[in-house]
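Structural description and commentary
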Amino acid sequence: MALLDRTPAPTPAAAVATATAKAARPIGVGLALAALATVVWSGSFVTSRALHDSVPPVQHAFWRWIIAIVAVAPFAVRETWRQRKLLREHLRFLLLAALLGVTVYNTLVNQAGLTTTAGNMGMIMAASPVLMAVHERLGGTRLGARRVTGMLVACAGVLLLVSKGSLVMDLAVGDLWVIAAAVSFGSYSALLRRKPAAIGGLPFLFTTFVLGALMLLPVFVVSYAVQGGFEPTAGTVPPLLYVGVVSSAVAFFAWNKAVSIIGAARAGVVYYLQPVCVALLSFALLGEAMGWLQVLCMGLILGGVVLGAARAK
């Protein structure tokens, strides 16, 4: 019977090519998910700036997560209930993730929107991939020369953009809030690598949304008592629905999945696309200025992303 089997054995080169193609597929999916989250989040910076004079920052953040909880609940409640024992066992991890990624990060971004532009917010937030890479390197992950070079090129574009081509950094108060938000988000992204594999993506998302909203509740009550509420209008409700459903439920799920596939450092390189997306959206929707410097820096950022996100040969 063995003589009848005419199927040729795969050559070593063919075997390597097949293995490489299989390995490249999940990396491609991870990069696509990271890009999706980055593009969607770019819109939330524009939203934060657009709502800065109509919705108080804390209330903006709180209602964002309430909407996100309602949007995710139909898909996540049953699985979350099944994993309730596992979630209780890892409650400290979930609380930290919720604090960094839900309660603190977006509240700081909204606060920044009071005194800085959407373009600046997107540019400064692009610093968070540096922290993601540092976390991964401290965790023992080898980043590789290509990824580090791409990160440095993209970072140079961001710094040049923030400084407006000058060696002197002129930061507004809002810019400092965004720097704090970048630290929070970078730490959250690095923490995702420690998520217990047994916890499903939707239960993790739903639980962190609920915990984050609960931690934000006392501050929301104070804000409501001191600043009053806001009027639900056509100018406030659609943006809140966008950040609650698309920027929270969809984008966070995509980002968390991307980090689990390709790691925070490589996903962070893709995150450098954010200032480019924010600059284009703020120019189109808010009328914020864009000149030759912005175009030059976008080229540096895009080149760094392509270089850093590529798979080493």
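Now for a look at the structure at hand. (Residues numbered from 1 in each chain as written. Predicted model: local features only at pLDDT ≥ 70, side-chain atom pairs only at ≥ 80, totals over all residues. Heavy atoms only, no water.)

1. Some details on the overall build of the protein
What the protein contains, in helices and strands, is 12 helices and 0 strands. Across the protein, helices and strands are ordered from the amino to the carboxyl terminus as α-α-α-α-α-α-α-α-α-α-α-α. For the protein, with 313 residues in total, the buried portion stands at 48%. Once local pairs closer than 6 in sequence are excluded, the contacts in the protein between residues at least 24 apart make up 91%. Of the roughly 15200 Å² that the protein leaves accessible, carbon and sulfur atoms contribute 70%. (Helix = DSSP H or I, 4+ residues; strand = E, 2+ residues; numbered from the N terminus. Buried < 20%, exposed > 50% of the residue type's maximum accessible area, 1.4 Å probe, protein only. Contact = heavy atoms within 4.5 Å. Areas by Shrake-Rupley, 256 points an atom, 1.4 Å probe, with all protein chains shown as cover.)

2. Things to note about empty space enclosed by the protein
The full count for this structure, using the stated rule, is 3 cavities of 30 Å³ or more. By volume, the largest cavity amounts to about 40 Å³. Lining the largest cavity are S44, F45, S48, R64, Y105, N106, V109 and N110. Secondary structure elements with two or more residues in the lining of the largest cavity: α1 (12-50) and α4 (91-112). When residues of the lining of the largest cavity are assigned to their parent elements, the largest contribution, 4 residues, is made by α4. Residues belonging to the lining of the largest cavity are distributed by class as follows: 3 nonpolar, 4 polar and 1 charged. (1 Å grid on protein atoms, 1.4 Å probe; cavity = no way out; pocket = protein on both sides within 12 Å on 5 of 7 lines; lining within 4 Å. Points joined across faces, edges and corners; volume = space filled by probe spheres on them. Nonpolar A, V, L, I, M, F, W, Y, C, P; charged D, E, K, R; others polar.)

3. Regarding the packing of aromatic side chains
Evaluated as defined, the whole model comprises 15 aromatic pairs. Between the aromatic rings of F62 and W63, the centroid separation amounts to 5.5 Å while the plane-to-plane angle is 75°, which identifies the pairing as edge-to-face. On the basis of relative accessibility, which here comes to 34%, the residue W63 falls in the partly exposed class. Ring pairing ties together the aromatic residues W41, W65, Y105, F185, Y188, F209, F252 and W255, which thus form one cluster. For K195, the ring lying beneath its charged end belongs to F204, and the centroid distance is 5.8 Å. (Phe/Tyr/Trp six-rings, centres within 6.5 Å; stacked < 30°, edge-to-face > 60°. Lys NZ or Arg CZ within 6 Å of the ring centre and 35° of its normal.)

4. Describing the packing of helix α2 (residues 57-82) against α4
Where α2 contacts α4, the axes come no closer than 8 Å and their chain directions differ by 135°. One finds that α2 runs oblique with respect to α4. Where α2 crosses over α4, the two elements pack in a sense that is right-handed. For the pair α2 and α4, contact is made by P57, V58, H60, A61, R64 and W65 and by G101, V102, N106, T107, N110 and Q111, respectively. The residue inventory of the contact of α2 with α4, partitioned by class, reads 5 nonpolar, 6 polar and 1 charged. (Axes fitted to C-alpha atoms, helices over the stretch in contact; angles between N-to-C directions. Parallel < 35°, antiparallel > 145°, perpendicular 65-115°, else oblique. Left-handed = near helix turned anticlockwise from the far one by under 90°.)

5. Structural notes on α4
Residues separated by three or four positions in an α-helix point in the same direction, a consequence of the helix having 3.6 residues per turn. Between its terminal C-alpha atoms α4 stretches 30 Å, which fits the 32 Å expected from 22 residues at 1.5 Å a residue. The largest bend in α4 comes to about 40°, at L99. (Expected span 1.5 Å × (residues − 1). Bend = angle between axes of the 7 residues up to and from the residue.)

6. Examining the nonpolar core
If you look at the biggest cluster of nonpolar residues, it comprises 61 residues, and the most contacted ones within it are Y105, M125, F209 and W255. Of all the secondary-structure elements, those providing two or more residues to this core are α1, α2, α4, α5 (118-125), α8 (173-191), α9 (201-227) and α10 (237-271). The element that contributes the greatest number of residues to this core is α10, accounting for 12 residues. Within the second largest apolar cluster, 6 residues are counted, among which are I67, F230, L240 and V243. (Core = buried A, V, L, I, M, F, W, Y, C linked by side-chain atoms within 4.5 Å.)

7. Observations regarding the side chain of T208
With respect to the secondary-structure elements, T208 resides in helix α9. Residue class for T208 comes out buried when judged on its relative accessible area of 2%. Here F204 takes part through its backbone oxygen, which lies 2.8 Å from a polar atom of the side chain of T208. (Polar contact = N/O pair within 3.5 Å; in protein donor to acceptor, adjacent residues only side chain to side chain.)

8. Concerning the side chain of S248
Secondary-structure assignment places S248 in helix α10. A distance of 2.6 Å separates polar atoms of two side chains, one belonging to S248 and the other to R64. A polar contact of 2.6 Å, which involves the side chain of S248, links it to the backbone oxygen of V243. Not counting the four nearest positions on each side in its chain, S248 is found in contact with R64, W65, A68, F209, V243 and F253.

Limitation: the analysis is restricted to geometry and does not speak to function.
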